[in-house]
Amino acid sequence: MRRTARQLADGREIIYFDSEATAPERTAEDLRELDGPPTAPEMRRDPLTGEWIAMAAHRQSRTYKPPADLCPLCPSEPGNPSEIPESDYEVAVFENRFPSFAAPEEPPAFSGPGVLDTDPLVRRAPASGRCEVVCFTSEHRSSFAALTPRHARTVVDAWADRTAELAEVDGVEQVFCFENRGEEIGVTLHHPHGQIYGYPFVTPKTGQLLRNAEEHHRTHGSHLLGDVLAAERSSGQRVIRESEHWTVFVPPAARWPVELMVVPHRRAPDLAALTAEERDDLAEVYLDALRRLDRLYGRPLPYIAAWQQAPVRFGRELSWLHLNLFSVLRSPDKLKYLAGSESGMGVWISDVTPEQVAERLREVS
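Given the structure is predicted, the values throughout are model-derived calculations rather than measurements.

## Describing the overall build of the chain
Then, in step 1: When its secondary structure is counted, the chain shows six helices and 17 strands.
Then, in step 2: Its C-alpha atoms give the chain a radius of gyration of 21 Å, within 12% of the compact-globule value 21 Å for 365 residues.
Then, in step 3: The principal-axis extents of the C-alpha atoms in the chain amount to approximately 60 × 55 × 40 Å.
Then, in step 4: Across the 365 residues of the chain, 52% fall into the buried class.
Then, in step 5: Of the roughly 17,600 Å² that the chain leaves accessible, carbon and sulfur atoms contribute 50%.

Take a look at the structure:
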């Protein structure tokens, strides 16, 4: 893989990833006249739950469902000088123009407890960190599922590269790679792309996973997800596909109407820790999973693909990399709404069993 780092007109970084050393040199300049970066967002700590909430009001003005000929993620061409200066590309990653977390001009005095404001109960701090956009392909009307295995492997390498580099950024405590796909998920740019967040804290979900893993290890002397994976492979009841290095299965207590986990057989803390063989295998397995999802209802499935990685500075020995892949669509034309019980109390109610979903996904191979 060849990696080329450049700068956009406002100083943001853009990185091109090419699987072929013979790909064109990435030398195009960004000739747009852009304002400087937006005011750094703020975050506040909820005094009742202890969770940090990002306040990024500048995102109200972000690009919203532009026509295809004005897509900011397509290669630049006459009439559309986009976020990608090159006339073509394979995979491109750049700093988000409308970030939820961004490096402030002055380094924040934030290291866990936060910065006390005039209100003694509500702590405030700059939402320091980094948000990046990952363009999977230059083809506007394509999708991740339509990539070749070799192209998908380049995306995997880009994820791993960014995970390793963002982990070295001062103040970043966790790196999150994800994709939102489909208008039902809230996507406002239809070009195939994902995002990467460098959070200035460990997320609530990761904290809960680590607490459960620690308790399981203390009681049983083994890794919780490793034991779950072994049980799923032994039963096979909810397994969709097994390869040499990965297993895809429906979680035994799935929340969403369609939900998968993609788990490596070897414990790795994050994407950067995967071997070349595991990355090759992942590209094949992940493409198969996405294509099954698109065949499930005979239409492109809206989904969220969320990589669960270890925190940067602690809990790495208790963390086991995995992908959560889920959809809000419960039938070809019906959505799963997070209504009173789910939204108000965090208690999920499912309309379908994991075993039924697994059987249907096996059938659409």
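Structure's up, so let's keep going.
## What about helix α1 (residues 149-166)?
Then, in step 1: The first and last C-alpha atoms of α1 sit 26 Å apart over 18 residues, in line with the 26 Å expected at 1.5 Å per residue.
Then, in step 2: Most of α1 is tucked away: 14 of the 18 residues are buried.

## Here we look at the side chain of Thr206
Then, in step 1: Along the polypeptide, Thr206 turns up in helix α2 (residues 204-220).
Then, in step 2: On the basis of relative accessible area, Thr206 is assigned to the buried category, the value being 2%.
Then, in step 3: Beyond its immediate stretch of four places on either side in the chain, Thr206 contacts Gln174, Gln308, Gln309 and Pro311.

## Considering the sheet that holds strand β14 (residues 303-308)
Then, in step 1: A sheet is described by the order of its strands in space; here eleven strands give the open sequence β1-β2-β5-β8-β10-β9-β14-β15-β13-β12-β11, paired in antiparallel fashion. For this open sheet the edge positions go to β1 (2-7) and β11 (239-242), each flanked by a neighbour on one side alone. Adjacent strand axes in the sheet meet at a mean angle of 15°, parallel and antiparallel pairs treated alike.
Then, in step 2: By the bridge criterion, four bridges tie strand β9 (residues 174-181) to β14 in an arrangement that is antiparallel. Among the inter-strand pairings, Glu179 is bridged to a residue of β14, identified as Ala305.

## Notes on the pairing of strand β8 (residues 130-135)
Then, in step 1: With six of its six residues buried, β8 lies for the most part within the structure.
Then, in step 2: What you see with β8 is no split at all: Arg130, Glu132 and Val134 on one side and Cys131, Val133 and Cys135 on the other are buried throughout.
Then, in step 3: Pairing of strand β5 (residues 91-95) with β8 involves four bridges; the strand directions are antiparallel. Across the sheet, the residue bridging to Phe94 is Val133, located in β8.
Then, in step 4: As defined by bridge partners, β8 adjoins strand β10 (residues 193-199) across six bridges and the pair is classed as antiparallel. Opposite Val134, over in β10, you have Gly194 as the bridge partner.

## Description of the packing of aromatic side chains
Then, in step 1: For the structure shown, the criterion picks out 17 aromatic pairs.
Then, in step 2: Ring geometry for Phe136 against Trp159: centres 6.5 Å apart, planes inclined by 90°, an arrangement best described as edge-to-face. Of the two residues, Phe136 sits in the loop between β8 and α1 while Trp159 sits in helix α1, which places them 23 residues apart along the sequence.
Then, in step 3: Phe136 sits in the buried class, given a relative accessible area of 0%.
Then, in step 4: Taken together through their ring pairs, the aromatic side chains of Phe101, Phe176, Phe178, Tyr197, Tyr199 and Phe201 make up a single cluster.

## A few points about the packing of α1 against helix α4 (residues 276-296)
Then, in step 1: Contact geometry of α1 with α4 gives a least axis separation of 9 Å together with a crossing angle of 120°. By the angle between their directions, the pair α1 and α4 is classed as oblique. For the pair α1 and α4, the sense of crossing is right-handed. In this structure, α1 uses Pro149, Ala152, Arg153, Val156, Asp157, Trp159 and Ala160 to contact α4, whose residues at the interface are Ala276, Arg279, Asp280, Leu282, Ala283, Glu284, Tyr286 and Leu287.
Then, in step 2: For the contact of α1 with α4, the per-class residue count stands at ten nonpolar, no polar and five charged.

About the criteria used
Residues numbered from 1 in each chain as written. Predicted model: local features only at pLDDT ≥ 70, side-chain atom pairs only at ≥ 80, totals over all residues. Heavy atoms only, no water. Helix = DSSP H or I, 4+ residues; strand = E, 2+ residues; numbered from the N terminus. Rg over C-alpha atoms; globule rule 2.2 N^0.38 Å. Buried < 20%, exposed > 50% of the residue type's maximum accessible area, 1.4 Å probe, protein only. Areas by Shrake-Rupley, 256 points an atom, 1.4 Å probe, with all protein chains shown as cover. Expected span 1.5 Å × (residues − 1). Contact = heavy atoms within 4.5 Å. Pairing = 2+ DSSP bridges. Axes fitted to C-alpha atoms, helices over the stretch in contact; angles between N-to-C directions. Phe/Tyr/Trp six-rings, centres within 6.5 Å; stacked < 30°, edge-to-face > 60°. Parallel < 35°, antiparallel > 145°, perpendicular 65-115°, else oblique. Left-handed = near helix turned anticlockwise from the far one by under 90°. Nonpolar A, V, L, I, M, F, W, Y, C, P; charged D, E, K, R; others polar.

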